[in-house]
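Residue-level structure breakdown
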Amino acid sequence: MPQRTATTLALATLVCVAAAASVPNPDWLAELGLSPYSAALICSAAYDENLIIRDGAGQTKLLPSAPDSPFVTTPYDLHGLVRRGDTELLALWNPAKKALVLAFRGTSSIGDAIADLKVAPVPWAHGGDGMDGVNVHDGFSSQYGAAHKDIIATLERHPAAEYVVTMGHSLGGAIASVA
């Protein structure tokens, strides 16, 4: 399997924060065909897939939530919507950039709110190199765990992916950071 660069975006409304230590260069977002605005719209679409229009030409158009804002066309094609319990995520793929985006939906149900409140640290139980002895927020771990097999299957369906970008808003940003 090729070496992958994993980067997480935690989004609060339209503010994009990236973990600088894992970013290969400062213009990585634009090089992957994304902007903070399109990333925020992708996270919005994780809440409501009706914001996504597939144009049939390998691109996905994202409808902004503000009525006077323009469409945003991304060079990504929708490659899946996963719903497991209260965990939902979108998978978007750009073969030209060899980039996979996993966008996690944030808090939108009572089950999600309960997960937000389960703050006790628990051992990470979902595998991964170097994760022995790592403790994480119980609610974030359980929300991630609900979709773990689907996430692994998505990664396996895209063996050419050199970049994996995880993003989300609110609870989704937390899940993205542990993914």
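This write-up is about the structure you can find in this document. Counting restarts for each chain: residues are numbered from 1 in the order of the written sequence. Note on the predicted model: pLDDT of at least 70 is required for a residue's local features to be given, and 80 or more for side-chain atom pairs to be given and counted; whole-chain, interface and lining totals, by contrast, use all residues. Side-chain numbers here rest on the full set of heavy atoms in the structure, without hydrogens or water.

Some words on the overall build of the protein chain
Here is the rule we go by: By the criteria applied, helices consist of DSSP H or I runs no shorter than four residues and strands consist of E runs no shorter than two, each listed in order from the N terminus. The buried label goes to any residue with under 20% of its type's maximum accessible area, the exposed label to any with over 50%, and the partly exposed label to all in between, with areas taken from a 1.4 Å probe on protein chains only. Contacts are residue-level and defined by heavy atoms, with any inter-residue pair within 4.5 Å sufficient. Each accessible area value is a Shrake-Rupley result obtained with a 1.4 Å probe; residue values ignore everything except the protein chains displayed when judging cover.
Looking only at helices and strands, the protein chain has 5 helices and 11 strands in total. By residue count, 41% of the 179 residues in the protein chain fall in the buried class. For the protein chain, restricting intrachain contacts to residue pairs at least 6 apart in sequence, the fraction spanning at least 24 positions comes to 53%. As presented, the protein chain carries roughly 8,900 Å² of accessible surface, and 57% of it is formed by carbon and sulfur atoms.

Focus on the side chain of Asp-150
Mapped onto the secondary structure, Asp-150 falls in helix 4 (residues 138-157). Of the residues examined, Asp-150 reaches a relative accessible area of 19% and is grouped as buried.

A closer look at the nonpolar core
Soluble globular proteins tend to pack their nonpolar side chains together in the buried interior. Rule in force here: Joining through side-chain atoms within 4.5 Å is the link that ties buried Ala, Val, Leu, Ile, Met, Phe, Trp, Tyr and Cys residues into a set, and such a set is a nonpolar core.
Membership of the largest hydrophobic core comes to 20 residues, with the highest contact counts inside it found for Leu-34, Ile-42, Tyr-76, Leu-90, Val-101 and Met-167. Of the residues forming this core, the biggest block, 5 residues, is contributed by helix 2 (residues 36-47).

A look at the packing of aromatic side chains
We apply this condition: Pairing of aromatic rings covers Phe, Tyr and the six-membered ring of Trp, with a centre-to-centre limit of 6.5 Å; geometry is then stacked below 30 degrees between planes, edge-to-face above 60, and tilted otherwise.
Under the criterion given, the structure shown has 1 aromatic pair. Residues Trp-124 and Tyr-144 carry aromatic rings whose centres are separated by 5.2 Å and whose planes lie at 35° to one another, so their mutual orientation is tilted. Highlighted residues: Trp-124 in the loop between strand 9 (121-123) and strand 10 (135-137) and Tyr-144 in helix 4, separated in sequence by 20 residues. Like Tyr-144, Trp-124 is buried.

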